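Architecture and fold: a report
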Amino acid sequence: MNILILGSGGREHALAWAVKQNPKCDRLIVAPGNAGIAAVAECADLDILDGTAVAQFATENAIDFIIIGPEAPLAAGVADDTRAAGFLTFGPSAAAARLEASKAFTKDICDACLAPTAAYARFTDAAAARAHVTTTGAPIVIKADGLAAGKGVVVAMTLTEALDAIEDLFATPAGAEVVIEEFMTGEEASFFILTDGVNALPLGTAQDHKRVHDGDTGPNTGGMGAYSPAPVMTPEVTQRAMDQIVLPTIREMARRGTPYQGVLFAGLMIEDGQPRLVEYNARFGDPETQVLMMRLGAQVLDLLLACAEGRLDSARVNWADDHALTVVIAARGYPGPHAKGSVINGLDRMPEDSRHMVFHAGTTLRDGLITATGGRVLNITARGDSLPDARNRAYAMIDLLDWPDGFCRSDIGWRAL
Ligand code: AMP
Ligand code: GLY
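Definitions and cut-offs
Residues numbered from 1 in each chain as written. Chains lettered and ligands numbered in written order. Predicted model: local features only at pLDDT ≥ 70, side-chain atom pairs only at ≥ 80, totals over all residues. Heavy atoms only, no water. Near = heavy atom within 4 Å. Polar contact = N/O pair within 3.5 Å; in protein donor to acceptor, adjacent residues only side chain to side chain. Areas by Shrake-Rupley, 256 points an atom, 1.4 Å probe, with all protein chains shown as cover. Nonpolar A, V, L, I, M, F, W, Y, C, P; charged D, E, K, R; others polar. Helix = DSSP H or I, 4+ residues; strand = E, 2+ residues; numbered from the N terminus. Pairing = 2+ DSSP bridges. Axes fitted to C-alpha atoms, helices over the stretch in contact; angles between N-to-C directions. Salt bridge = Lys/Arg side-chain N within 4 Å of Asp/Glu carboxyl O. Buried < 20%, exposed > 50% of the residue type's maximum accessible area, 1.4 Å probe, protein only. Contact = heavy atoms within 4.5 Å. Expected span 1.5 Å × (residues − 1). Arc of directions from axis to C-beta. Phe/Tyr/Trp six-rings, centres within 6.5 Å; stacked < 30°, edge-to-face > 60°. Patch = residues over 30% accessible without salt bridge, like charges linked within 9 Å, V, L, I, M, F, W, Y side chains within 5 Å. Lys, Arg positive; Asp, Glu negative; His and termini not counted. Charge placed at Lys NZ, Arg CZ, Asp CG, Glu CD. Core = buried A, V, L, I, M, F, W, Y, C linked by side-chain atoms within 4.5 Å.

Right, let's get into the site of ligand 2. Near ligand 2, the surroundings consist of Asp-208, Gly-222, Phe-265, Asn-281, Arg-283, Gly-285, Asp-286, Pro-287 and Glu-288. Backbone polar atom of Gly-222 to a nitrogen atom of ligand 2: 3.4 Å apart, as the coordinates give it. If ligand 2 stood free it would expose 200 Å²; the protein chains cover 88% of that surface. Here the residues of the shell around ligand 2 are counted per class, giving two nonpolar, three polar and four charged.

As structure tokens, this is what we get:
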């Protein structure tokens, strides 16, 4: 079959790499793609936020299956447009993607289905929000309601920080409404579930490192590394998360006439064996997908097809007793201002096989040379029989890299090791 993946990051490179290994995949196109993706798929220039353009491209290229990577096209209704045009599509409708696109909506769903989450209040007025945090005090969490590319959440440890965050977030486009939440303590994990709207299949768990520097210090980023599985997601915690959070959410979405089809990414906070929902995302995590795909391999295409075709009741995930770890190589300065355009050397020295992969997140080919274009640039990913084995393999690959403008954390996986 001919498959189209939308997106251009490390997540999409990992998806493309896994999908391409499945014998069902004939032609694979990724739009817009990047320099690494170009080694496993055709890259196409396409406005992935324009559902009509995506459907037209799919018609012209005889596409049989569309996989949507990032949240922006989902929130823009691209899955609605491609399904309406008759294309089998993996990814939720815009109405269902509100689980990521609106934090206030997600809180309503949690209330309706009694899913455990942080206590909260919603505000459309800065003065009322200020009065609220002055009464409750810090630590407290301030969130813009809408999509803010990871910049819409402030974990305020002091009242001053909380008041500043209220000013800042109300001033952003995503902050017409602000949600103020109880600060939860515990350990975070990413839990990925495939659902066709009725059936749900736990796909896997991971943990990422959001802070830029070693020891989980410095500013928040999109993620500096990840590993799978997440030890905190024991079978008991996983079962509780399914029974108390995920399944009630899926039923509530269906009851409202907006069934959720695609991958549901539950960000959980676990304390004393009890999971609580931090947030939902309507897509795969980045860089969590890189470690999940490393472990799942070719079967992921069969699973995504079963999800899109409503056949998850008979689908099974074949897990090996293995571990994967990915280290993000970012441009010096990230998540602040950073240079772009420098040449990355040493990639040809790195092994690439079923245990070692370099997934590209922000690269392009210029004059035949791989150059950096983004903040997060490469995901050095390895699979091993144990987490230390996977970690050692990934860092041994990094020793072969020659890119003075890049940096990485040296302690990915520390919490689990
Ligand atoms: P979110 O975009 O909602 O996942 O928030 C980004 C990060 O902020 C999360 O991964 C958590 O580390 C942190 N966070 C969000 N909400 C809370 C909360 N209620 N309590 C503690 N930490 C939180
Ligand atoms: N790594 C977290 C995310 O994809 O949102």
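We are not done yet, so read on.
Another aspect to go through is the site of ligand 1. Surveying the vicinity of ligand 1 reveals 15 residues, the closest of which are Glu-181, Glu-182, Met-184, Glu-188 and Glu-279. Measuring from an oxygen atom of ligand 1, one finds a side-chain N or O atom of Lys-143 at 2.9 Å. Residue Met-184 places a main-chain N or O atom 2.8 Å away from a nitrogen atom belonging to ligand 1. Expressed as a share of its isolated accessible area of 470 Å², the protein-covered part of ligand 1 is 87%. Among the elements of the structure, strand S7 (140-144), strand S8 (153-156), strand S9 (178-182) and strand S16 (274-281) are those that each provide at least two residues to the shell around ligand 1. Of the residues assigned to the shell around ligand 1, the class counts are eight nonpolar, no polar and seven charged.

With that settled, the discussion passes to the sheet that holds S7. Paired through their backbone hydrogen bonds, the strands of a sheet run either parallel or antiparallel. The four strands are arranged S6-S9-S7-S8 in an open sheet whose pairing can be described as antiparallel. In this open sheet, the two strands that pair with only one neighbour each are strand S6 (120-123) and S8. Strand-to-strand twist across the sheet, computed as the mean angle between neighbouring axes with direction ignored, equals 20 degrees. Relative to S8, S7 is paired through four bridges, and the arrangement is antiparallel.

According to the stated counting rule, one finds 24 salt bridges in the structure shown. With a closest N to O distance of 3.1 Å, Asp-108 and Arg-122 form a salt bridge. Of this pair, Asp-108 sits in helix H6 (residues 103-113) while Arg-122 is found in strand S6, placing the two residues 14 residues apart along the sequence. In this structure Asp-108 comes out as partly exposed when scored by relative accessible area, which is 31%.

A separate point is the sheet that holds strand S1 (residues 2-7). Strand order in this open sheet of five strands is S3-S2-S1-S4-S5, and the pairing throughout is parallel. Each end of this open sheet is capped by a strand with a single partner; those strands are strand S3 (42-43) and strand S5 (88-90). Looking at chain direction, strand S2 (residues 27-32) and S3 are connected through two bridges and run parallel. Note that in S3 the partner of Ile-29 across the bridge is Glu-42. The strands touched by helix H11 (residues 299-308) within the sheet are S1, strand S4 (65-68) and S5, with S5 carrying the most contacts at an inclination of about 110 degrees.

In this model helix H8 (residues 159-170) runs 17 Å from its N-terminal to its C-terminal C-alpha over 12 residues, within 8% of the 16 Å that 1.5 Å per residue would give. Every buried residue of H8 is accounted for by Ala-162, Ala-165, Ile-166, Leu-169 and Phe-170. Seen from one end, H8 has its buried residues packed into an arc of 110 degrees, which puts them on one side. Exposed side chains of H8 directed beyond 90 degrees from the buried face belong to Thr-160 and Asp-168. Those residues of H8 that are buried lie in contact with S6, helix H7 (126-136), S7, S8 and S9.

Right, let's talk about the packing of aromatic side chains for a bit. Under the defined criterion, the tally for this structure stands at four aromatic pairs. Taken together, a centroid distance of 5.5 Å and an interplanar angle of 75 degrees make the contact between Trp-17 and Phe-359 edge-to-face. In this pair, Trp-17 sits in helix H1 (residues 10-20) while Phe-359 sits in strand S18 (residues 356-360), placing the two residues 342 residues apart along the sequence. For the pair shown, Trp-17 and Phe-359 are each scored as buried. Ring geometry for Phe-192 versus Phe-265: centroids 4.6 Å apart, planes at 40 degrees, classification tilted. One end of the pair, Phe-192, is in strand S10 (residues 187-195); the other, Phe-265, is in strand S15 (residues 262-271), with 73 residues separating them in the sequence. Pair check on accessibility: Phe-192 and Phe-265 agree, each one buried. Connected via pairs of aromatic rings, a cluster forms that spans Phe-90, Phe-192, Phe-265 and Phe-284.

In this section: a negative patch on the surface. There is a patch of like negative charges on the surface, built from Asp-47, Asp-50, Asp-80 and Asp-81. Position of Asp-81 among the secondary structure elements: in helix H4 (residues 78-84). Relative accessible area serves as the criterion here: at 33%, Asp-81 is assigned to the partly exposed category.

Turning to the side chain of Asp-145, a few remarks are in order. As for its position among the elements, Asp-145 is in the loop between S7 and S8. Although buried, Asp-145 forms no salt bridge, and the nearest oppositely charged side chain, Arg-122, lies 6.0 Å from it. Among residues more than four places away in sequence, those in contact with Asp-145 are Ala-101, Ser-102, Lys-103, Ala-104, Phe-105, Ala-174, Glu-177 and Val-178.

Next up on the list: a nonpolar patch on the surface. A cluster of nonpolar side chains, namely Val-153, Val-155 and Met-157, defines an oily patch on the protein surface of about 240 Å² accessible area. Looking at the element boundaries, Val-153 is found in strand S8.

Before going further, it helps to examine the nonpolar core. Buried together is how nonpolar side chains tend to be arranged in soluble globular proteins. Of all hydrophobic cores here, the largest spans 47 residues; its most connected members are Leu-4, Leu-6, Ile-66, Leu-99, Phe-191, Met-233 and Leu-268. Here this core takes seven residues from helix H9 (residues 235-255), the largest share from any one element. Discounting chain neighbours no more than four positions away, the residues touching Leu-4 are Ile-29, Ala-31, Val-54, Phe-57, Ile-63, Phe-65, Ile-66 and Ile-67. Listed in part, the 44 residues of the second largest apolar core include Leu-194, Ala-206, Cys-307 and Ala-315.

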